[in-house]
Amino acid sequence: MPYSVMLDAGHGGTDPGAVYNGRQEKDDTLRLTLAIGEILQNNGIDVEYTRTTDVYESPYEKAMEANNAGADFFVSIHRNSFPTDNQVMGVESLVYDLSGIKYEMAQNIDEQLESVGFVDLGVKARPNLVVLKRTNMPSVLVEAGFINSDTDNQLFDDNFQDIAEAIARGILDTLSNIGDVREPFYRVQVGLYRNNMNANRLLEELLAQDFPAFVDNVGEYNRVLVGGYDDLNTAVAMEQRLRRAGYDTLIVS
Ligand SMILES: [Zn+2]
């Protein structure tokens, strides 16, 4: 089965993101995201998008979209901004914490972007960003240069296709390193229903209690799942939390 990647063009619709001399982050991110997606698709990756047009969705909605689609990876594309114009330039990637395959992917992307000519500002941990925190899969947010740096914008416009290739290459290299040996991955199953109304009722109930729940459709069944964890201990801790809240659970991998 090919890997699936949910690509997210940062901002959109009523949220322009950062703006500099009329240039809007949401336009740069959409154009770049679509270009990256095309390259990934040509390399056999199953690509999905949170948006392909100029529409607004909250970061939480974007994370839930990725969870509901059961994507293997989530990559969000942004442009950076600094309080003072033309003060800082370069690329950086953000991840929930500096560990695992997401950290590797972020480093690979930054390295590739450096070879296009960007200054590499490195990978940073941002545990409070919704798209990194609420997604169940390894997630990376790429800041493709500063929108209020003329140098970065020049680079962005003159080397647009190379930049798309660089980000796609960073993703593809990471995937080819893991090959078919995927990291063990655990989720907690809370319900299994044929009737998707029952599944959705349970989903709403869990989300209202702040559990990172989603529904996975397998054939005629709807599985209500919570979380996605690299290590079994974290999955067990979540299972215990759910059991204390009165749910029957089962750890699945
Ligand atoms: Zn942004």
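These numbers come from a predicted model, not from an experiment.

Here we look at the domain arrangement of the protein
According to the domain assignment, the protein consists of domain 1 (4–178) and domain 2 (186–252). Taking the mean C-alpha position of each, domain 1 and domain 2 sit 29 Å from one another. For the pair domain 1 and domain 2, the two sides together bury roughly 630 Å², of which 39% comes from carbon and sulfur. Counting the surface domain 1 buries against domain 2, the share from its top three residues, Asn 68, Arg 134 and Asn 136, is 63%. At the junction of domain 1 with domain 2, the criterion picks out 0 salt bridges. Inspection of the region where domain 1 meets domain 2 yields 0 residue pairs in polar contact (both at pLDDT 80 or more). Classifying every residue of the side of domain 1 that touches domain 2 gives 2 nonpolar, 3 polar and 1 charged.

Overview of unusual backbone geometry
The backbone phi angle of His 11 is positive, close to 65 degrees, even though this residue is not glycine. Note on placement: His 11 falls in the loop between β1 (4–9) and β2 (19–20). Positive phi is not limited to glycine here, since Asn 21 has a value of about 50 degrees. Looking at the secondary structure, you find Asn 21 in the loop between β2 and β3 (23–24). Using a relative accessible area of 68% as the deciding quantity, one classes Asn 21 as exposed.

Structural notes on the pattern of salt bridges
This structure, assessed with the given rule, holds 11 salt bridges. We note a salt bridge from Asp 28 to Arg 23, for which the minimum N-O separation is 2.8 Å. You can call Asp 28 buried: its relative accessible area is 7%. Among the residues examined, Arg 23 registers a relative accessible area of 19% and is labelled buried.

Here's the deal with the packing of aromatic side chains
Tallied over the entire structure, the rule returns 2 aromatic pairs. Here the aromatic rings of Tyr 3 and Phe 73 are separated by 6.0 Å at their centres, their planes lie at 65 degrees, and the arrangement is edge-to-face. With Tyr 3 in the segment before β1 and Phe 73 in strand β5 (residues 73–80), the pair connects residues that are 70 residues apart, well separated along the chain. There is no split in this pair, since Tyr 3 and Phe 73 are both buried. Ring geometry for Phe 156 against Phe 160: centres 5.7 Å apart, planes inclined by 65 degrees, an arrangement best described as edge-to-face. Both residues of the pair, Phe 156 and Phe 160, count as buried. Positioned over the ring face of Phe 160 is Arg 31, at 4.0 Å from the centre of the ring.

A closer look at the sheet that holds strand β8 (residues 139–146)
Adjacent strands of a sheet pair through backbone hydrogen bonds, lying either parallel or antiparallel. Reading across the sheet, the 6 strands line up as β4-β1-β5-β8-β6-β7 and stay open at both edges, with mixed pairing between neighbours. Looking at which strands have only one partner, the edges of the open sheet turn out to be β4 (46–49) and β7 (120–125). When strand polarity is set aside, the average angle formed by the axes of neighbouring strands in this sheet is 20 degrees. By the bridge criterion, 6 bridges tie β5 to β8 in an arrangement that is parallel. Bridge pairing links Ser 76 to Leu 141 in β8. With respect to the sheet, helix α2 (residues 59–69) is in contact with β1, β4 and β5, its orientation differing from that of β1 by roughly 165 degrees.

Conventions adopted
Residues numbered from 1 in each chain as written. Predicted model: local features only at pLDDT ≥ 70, side-chain atom pairs only at ≥ 80, totals over all residues. Heavy atoms only, no water. Domains from an automatic or database assignment. Buried area = accessible area lost by both parts, 1.4 Å probe. Salt bridge = Lys/Arg side-chain N within 4 Å of Asp/Glu carboxyl O. Polar contact = N/O pair within 3.5 Å; in protein donor to acceptor, adjacent residues only side chain to side chain. Nonpolar A, V, L, I, M, F, W, Y, C, P; charged D, E, K, R; others polar. Helix = DSSP H or I, 4+ residues; strand = E, 2+ residues; numbered from the N terminus. Buried < 20%, exposed > 50% of the residue type's maximum accessible area, 1.4 Å probe, protein only. Phe/Tyr/Trp six-rings, centres within 6.5 Å; stacked < 30°, edge-to-face > 60°. Lys NZ or Arg CZ within 6 Å of the ring centre and 35° of its normal. Pairing = 2+ DSSP bridges. Axes fitted to C-alpha atoms, helices over the stretch in contact; angles between N-to-C directions. Contact = heavy atoms within 4.5 Å.

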